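Structure at a glance
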Amino acid sequence: MQARGDRLAALVAERELDRLLVTDLVNVRYLTGFGGTNGACVCGEGVRVFLTDFRYAERAEAEVEGWDVVTVTDDWLGGMAERLTGRSGFEDHQMSVRTLKKLEEKLPDGVTLEGAGGTVEKLRRVKDKAELAAIASAAELADEIWRWSLGRGLAGRTELDVAGAAEARMRELGAEPSFSTIVAAGSHGALPHAEPGEREIGPGELVVFDMGAKLDGYCSDGTRTFATGEPGERARAVYEVVREAQEAALGAVRAGRQAEAVDTVARDPIAAAGYGERFGHGLGHGVGLEVHEEPRVSQRSEDVLEVGEVVTIEPGIYLPGELGVRIEDLVVVTDDGHRNLSGLPKDLQLVD
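Quick look at the structure, then. Not measured: the values here are computed from a predicted model.

It is worth spelling out the overall build of the protein chain at this point. Looking only at helices and strands, the protein chain has ten helices and 19 strands in total. Computed over its C-alpha atoms, the radius of gyration of the protein chain comes to 23 Å, within 12% of the 20 Å expected for a compact globule of 352 residues. Here the protein chain holds 352 residues, and 55% of them are scored as buried. When the accessible surface of the protein chain is summed, it comes to about 15,200 Å², and 47% of that surface belongs to carbon and sulfur atoms.

Side chains of strand S1 (residues 19-22) alternate between two faces, with Arg19 and Leu21 and Leu20 and Val22 buried alike. Where S1 and strand S5 (residues 87-90) come together, three bridges link them in parallel fashion. By the bridge assignment, arginine 19 is partnered in S5 with serine 88. Summarising the sheet, S1 and strand S2 (residues 40-44) pair through four bridges and their orientation is antiparallel. The partner of leucine 21 across the bridge, within S2, is valine 42.

Take the environment of valine 287 next. The residue valine 287 is located in the loop between strand S13 (284-286) and strand S14 (293-297) in this model. On a C-alpha basis, the gap between valine 287 and threonine 99 in space is 29 Å, while along the polypeptide they are 188 residues apart.

Here we take up helix H9 (residues 233-252). An ideal rise of 1.5 Å per residue puts 28 Å on 20 residues; H9 measures up with 29 Å between its terminal C-alpha atoms. Within H9 the residues assigned to the buried category are Ala235, Val238, Tyr239, Val241, Val242, Ala245, Gln246, Ala249, Leu250 and Ala252. Viewed along the axis of H9, the buried residues span an arc of 165°, placing them on a single side of the element.

Here we come to unusual backbone geometry. Looking along the chain, the bond that leaves glutamate 294 and enters proline 295 is cis, with omega of 0°. The residue proline 295 is located in strand S14 in this model. The phi torsion at glutamate 16 lies on the positive side, around 60°, for a residue other than glycine. By the element assignment, glutamate 16 lies in the loop between helix H1 (2-14) and S1.

Let us now look at the environment of valine 120. Checked against the element boundaries, valine 120 lands in helix H6 (residues 119-124). For the pair valine 120 and valine 12, spaced 108 residues apart in sequence, the C-alpha to C-alpha distance is 9.7 Å. If we ignore the near neighbours within four places in the chain, the residues touching valine 120 are Leu8, Leu20, Val22, Asn27, Tyr30, Leu31 and Glu91.

Most often, soluble globular proteins keep nonpolar side chains buried together rather than apart. Grouped together as the largest cluster of nonpolar side chains are 36 residues, with contacts concentrated most on Leu8, Val22, Leu31 and Phe50. Elements supplying a minimum of two residues to this core: H1, S1, helix H2 (25-32), S2, H6, helix H7 (129-151), strand S11 (218-219) and strand S18 (329-334). Counting residues per element, this core draws most heavily on H7, which supplies five residues. When near neighbours in sequence (up to four residues on either side) are disregarded, leucine 31 contacts Met1, Arg4, Leu8, Val22, Cys41, Trp67 and Val120. Counting 31 residues, the second-largest nonpolar core is a separate cluster that includes Val238, Ala252, Ala266 and Leu323.

Next up on the list: the sheet that holds S11. The strand order across the open sheet built from three strands is S7-S10-S11, with neighbouring strands paired in antiparallel fashion. Single-partner strands in this sheet number two, and they are strand S7 (176-177) and S11. One ladder, built from two bridges, connects strand S10 (residues 213-215) with S11; its direction is antiparallel. Each bridged residue has a counterpart across the sheet, and for lysine 214 the counterpart in S11 is cysteine 219.

What follows covers the environment of alanine 185. With respect to the helices and strands, alanine 185 occurs in strand S8 (residues 182-185). Linking alanine 185 and glycine 276, residues 91 residues apart in sequence, is a C-alpha distance of 22 Å. If near-sequence neighbours (up to four positions away) are discounted, alanine 185 is found in contact with Glu159, Arg199, Ile201, Glu205, Leu206 and Val207.

Inspection of the entire model under this criterion finds four aromatic pairs. For the ring pair phenylalanine 34 and phenylalanine 50, a centre distance of 4.9 Å and an interplane angle of 55° mean the geometry is tilted. With a gap of 16 residues between them, phenylalanine 34 in the loop between H2 and S2 and phenylalanine 50 in strand S3 (residues 47-53) connect regions that are remote in the sequence. Like phenylalanine 34, the residue phenylalanine 50 is buried in the burial classification. Summarising the aromatic geometry, the rings of phenylalanine 209 and phenylalanine 226 are spaced 6.4 Å apart at their centres and angled 80° between planes, so their arrangement reads as edge-to-face. Of this pair, phenylalanine 209 sits in strand S9 (residues 206-211) while phenylalanine 226 sits in strand S12 (residues 222-227); the two residues are 17 residues apart in sequence, bridging distant segments of the chain. Side by side, phenylalanine 209 and phenylalanine 226 carry an identical accessibility label, which is buried. Looking at arginine 4, its charged tip hangs above the ring of tyrosine 30, at a distance of 4.3 Å from the centre.

Further remarks concern the pattern of salt bridges. All chains considered together, the criterion is met by 28 salt bridges. Taking the shortest distance from any N to any O, the salt bridge between aspartate 75 and lysine 106 comes out at 3.2 Å. Here the residue aspartate 75 occupies a position in the loop between strand S4 (68-72) and helix H4 (76-81), and lysine 106 occupies one in the loop between helix H5 (97-105) and strand S6 (112-115), the gap between them amounting to 31 residues. A relative accessible area of 32% places aspartate 75 in the partly exposed class. In this structure, the salt-bridge partner of arginine 234 is glutamate 322, at a minimum N-O distance of 2.5 Å. Note that arginine 234 is positioned in helix H9 and glutamate 322 in the loop between strand S16 (316-319) and strand S17 (323-326), a separation of 88 residues in sequence. The class for glutamate 322 is partly exposed, based on a relative accessible area of 33%.

Each value, and the rule that gives it
- Residues numbered from 1 in each chain as written.
- Predicted model: local features only at pLDDT ≥ 70, side-chain atom pairs only at ≥ 80, totals over all residues.
- Heavy atoms only, no water.
- Helix = DSSP H or I, 4+ residues; strand = E, 2+ residues; numbered from the N terminus.
- Rg over C-alpha atoms; globule rule 2.2 N^0.38 Å.
- Buried < 20%, exposed > 50% of the residue type's maximum accessible area, 1.4 Å probe, protein only.
- Areas by Shrake-Rupley, 256 points an atom, 1.4 Å probe, with all protein chains shown as cover.
- Pairing = 2+ DSSP bridges.
- Expected span 1.5 Å × (residues − 1).
- Arc of directions from axis to C-beta.
- Contact = heavy atoms within 4.5 Å.
- Core = buried A, V, L, I, M, F, W, Y, C linked by side-chain atoms within 4.5 Å.
- Phe/Tyr/Trp six-rings, centres within 6.5 Å; stacked < 30°, edge-to-face > 60°.
- Lys NZ or Arg CZ within 6 Å of the ring centre and 35° of its normal.
- Salt bridge = Lys/Arg side-chain N within 4 Å of Asp/Glu carboxyl O.

This is how it looks when you write it as structure tokens:
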């Protein structure tokens, strides 16, 4: 955690700030290891201060590494304000206007605040070895739950039952869902963010099954589309377009590549097959402490992929009233390509 604080201090200086106030709890955890629900950090040249209240004082002493732990006993905003100097940054993407106004009222003379949201997120994009291992473990656990779910069958069960059972199994294995599991069969699969319902999964349907695990604070994310028996020629053809687009995009992933260009590699064959308007979301996104973080892999992204980033590659085709297909892998960006953390096969699987 000390190294992360040092890297942050360098960014603070680069932005010509004296100090940075970090209040986003995900960022606080990243910097300090603290997993409680009330904490903040002040970082600058020679300054590494973590603040919490009396409820978490003992926990902070056990979890926080490389930061001076301060317990604020009464005035929470005042405790932050008195540790800021000169031009201090704050996380304007996270702090409300009301809280900012109250904080400004408590600042010492000569201290000004400047929006600096995204500074810690810039550090979080590239994962270290421990983070990569944690994300890989979460992905492996999710793969295990997919196999377990398929072993119990899909046809004849409701979407809600399949999703609920998968999440319950995840908790039995010591993890939490990193987002609400999507199980969407038949025409329901045409909704990219469908919510599982009481609809019974029928025979010969495609089933979009999107799931992620959160283990030791780190997330996974993946999707497979299965078939409950023979789905028919059209469904198979659509599936193959998505599978080939996904494989092409995986082949385009490497450090130094424009994220927008990787998105294009997946989008072109889908458009060539006549389904361009039916792939309406970006190709992927970063994954780490949160299931959606930087970088973004889309047509509007200005990001360039870097070694150690973890991103999803998830093209899809969604035909309203008919079917949906999405295939998603979780990959680590490397110098010469990628390392795939998703272990399930991608040929269309027929499931009872």
